[in-house]
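# A closer look at the structure
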Amino acid sequence: MSWRRFFQREKWDKERARELEAHLEIETQDNIARGMTPEEAGYAARRKLGNTTRVREEIYLMNSAEFFDALWRDVRYAFRTLRKNPGFTVVATLTLALGIGASTAIFSVVEAVLLRALPYPNPDKIVRVWEQAPDGHPMNLADTNFDDFRAQNHTFANLAAYEHRSIRSSLRSESAGTLQD
Amino acid sequence: MAKRGAAPLQGEVLQGTLDLLILQTLVLGPAHGHTIAHIIEHRSDEVLQVEHGSLYPALHRLEDRGWIASFWGTSENNRKARYYRLTRTGRKQLEHQTSRWAQLVGAINRVLKPASE
């Protein structure tokens, strides 16, 4: 039964209330049999049993998942408060919407550009190599050097080179464009 | 109320101990809460005064664990009462808890006893 009790609080409370009532009756009868007046007998039984509301509360709490009760109360309180302040609700909702939208947009870009693997087989085996000057600066690679590298390569499955190129163009001139690199 | 010896240990019945006493009481057969309370009091020579109310949360807890089961029945003097009986798990628990209790008492007694030469 263990977790099922959380859904039977009312039922168990009624059961236990009935049970405590029965207890009182039996004790009262016993007291009368011992020679008390019915009134005395009732009082004595009640004294002996103690505070029945407290007992029922203790059992009720045993059947409560206090965390979820509190959570549910908080959620309802939040909705009541929001309904009372429509202006605040609108501003808060818009702020959240914009914030979530912007974050999603930025993440989409980051994901595509930085995080997602390159669309080649074994993307984790692709490396970038460059020539470096004695002072540590990366150097541009001469075509002939690249041909040599490729011819003498024992390390990589294949080599490829790429170049940066900036193109400046204007609408008026026919032959626009300067090459760099 | 206690007529002889020490004052009743009211309120000092630890939770686990109360569970143990209830289980032991039910070995004799099914009983309702009122009977259980009185049996505990009488068998302890009135030293253990169970506040009757405190019995019911304990019964509820034991039933929830499946150590006892309950049903509505008719009492000796023809009144409706909720009866409790020991389940098989409850019986095993009783054995287990009783030996633990004996260990505990033995250990405390050994500490309390003046060292013998």
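The following refers to the structure shown. Here the structure is a predicted model, which means the values were calculated and not measured.

Rules of the game
Residues numbered from 1 in each chain as written. Chains lettered and ligands numbered in written order. Predicted model: local features only at pLDDT ≥ 70, side-chain atom pairs only at ≥ 80, totals over all residues. Heavy atoms only, no water. Pairing = 2+ DSSP bridges. Helix = DSSP H or I, 4+ residues; strand = E, 2+ residues; numbered from the N terminus. Contact = heavy atoms within 4.5 Å. Axes fitted to C-alpha atoms, helices over the stretch in contact; angles between N-to-C directions. Salt bridge = Lys/Arg side-chain N within 4 Å of Asp/Glu carboxyl O. Buried < 20%, exposed > 50% of the residue type's maximum accessible area, 1.4 Å probe, protein only. Patch = residues over 30% accessible without salt bridge, like charges linked within 9 Å, V, L, I, M, F, W, Y side chains within 5 Å. Areas by Shrake-Rupley, 256 points an atom, 1.4 Å probe, with all protein chains shown as cover. Phe/Tyr/Trp six-rings, centres within 6.5 Å; stacked < 30°, edge-to-face > 60°. Lys NZ or Arg CZ within 6 Å of the ring centre and 35° of its normal.

Overall, antiparallel pairing links the three strands, which are arranged β1-β3-β2 (chain B) in an open sheet. Both outer strands of the open sheet, β1 (31-32) and β2 (68-74) of chain B, are each paired with one neighbouring strand and no more. Each of β1, β2 and β3 (80-86) of chain B is contacted by helix α1 (residues 9-33) of chain A, which is oriented at about 105 degrees to β3(B), the strand it contacts most.

Further remarks concern the environment of B:Tyr56. Residue placement: B:Tyr56 occurs in helix α3 (residues 52-65). Separated by 23 residues in the primary sequence, B:Tyr56 and B:Gly33 have C-alpha atoms spaced 7.3 Å apart. Contact partners of B:Tyr56, with chain neighbours within four places excluded, come to A:Glu19, A:Leu20, A:His23, A:Leu49, A:Val55, A:Ile59, B:Gly33 and B:His34.

This part takes up unusual backbone geometry. The phi dihedral of A:Asn122 falls on the positive side, at around 45 degrees, and the residue is not glycine. Tracing the backbone through its elements, the reader meets A:Asn122 in the loop between α5 (86-115) and α6 (143-152).

Bringing the pattern of salt bridges into the picture now. This structure, assessed with the given rule, holds 13 salt bridges over all chains. The residue A:Arg18 makes a salt bridge to A:Glu15 at a minimum N-O spacing of 3.7 Å. Of the two residues, A:Arg18 and A:Glu15 both sit in helix α1, three residues apart, roughly one turn of that helix. You can call A:Arg18 partly exposed: its relative accessible area is 44%. A residue is classified by how much of its surface remains accessible, and A:Glu15, at 15% relative accessible area, is buried. Among the ionic contacts, a cluster of salt bridges with common partners joins A:Glu15, A:Arg18 and B:Arg82.

Attention now goes to a nonpolar patch on the surface. All names here are of chain A. Taken together, the side chains of Phe67, Phe68, Leu71, Trp72, Val75, Phe79, Leu82 and Phe88 make up a nonpolar region of the molecular surface, amounting to roughly 880 Å² of accessible area. Ranked by residue count, the leading element in the nonpolar patch is helix α4 (residues 66-84), at seven residues. Tracing the backbone through its elements, the reader meets Phe88 in helix α5. Among the residues examined, Phe88 registers a relative accessible area of 54% and is labelled exposed.

Residue and element names in this part refer to chain B. For β3, the buried fraction is high: five of the seven residues fall into the buried class. Bridge analysis of β2 against β3 gives seven bridges, and the strand direction is antiparallel. Across the sheet, the residue bridging to Ile68 is Leu86, located in β3. Linking β2 back to β3 in an antiparallel pair, the connection comprises five residues, with Asn78 at a positive phi of about 60 degrees.

What follows concerns the packing of aromatic side chains. Residue and element names in this part refer to chain B. Tallying each qualifying case throughout the model produces two aromatic pairs over all chains. Ring plane angle 15 degrees and centroid distance 5.8 Å describe the contact between Phe71 and Tyr83, whose orientation is recorded as stacked. On the criterion of sequence distance, the pair formed by Phe71 in strand β2 and Tyr83 in strand β3 is long-range, its members being 12 residues apart. When its relative accessible area of 13% is taken as the criterion, Tyr83 is described as buried. Taking NZ or CZ as reference, Arg65 lies 5.0 Å from the ring centre of Trp67, over its face.

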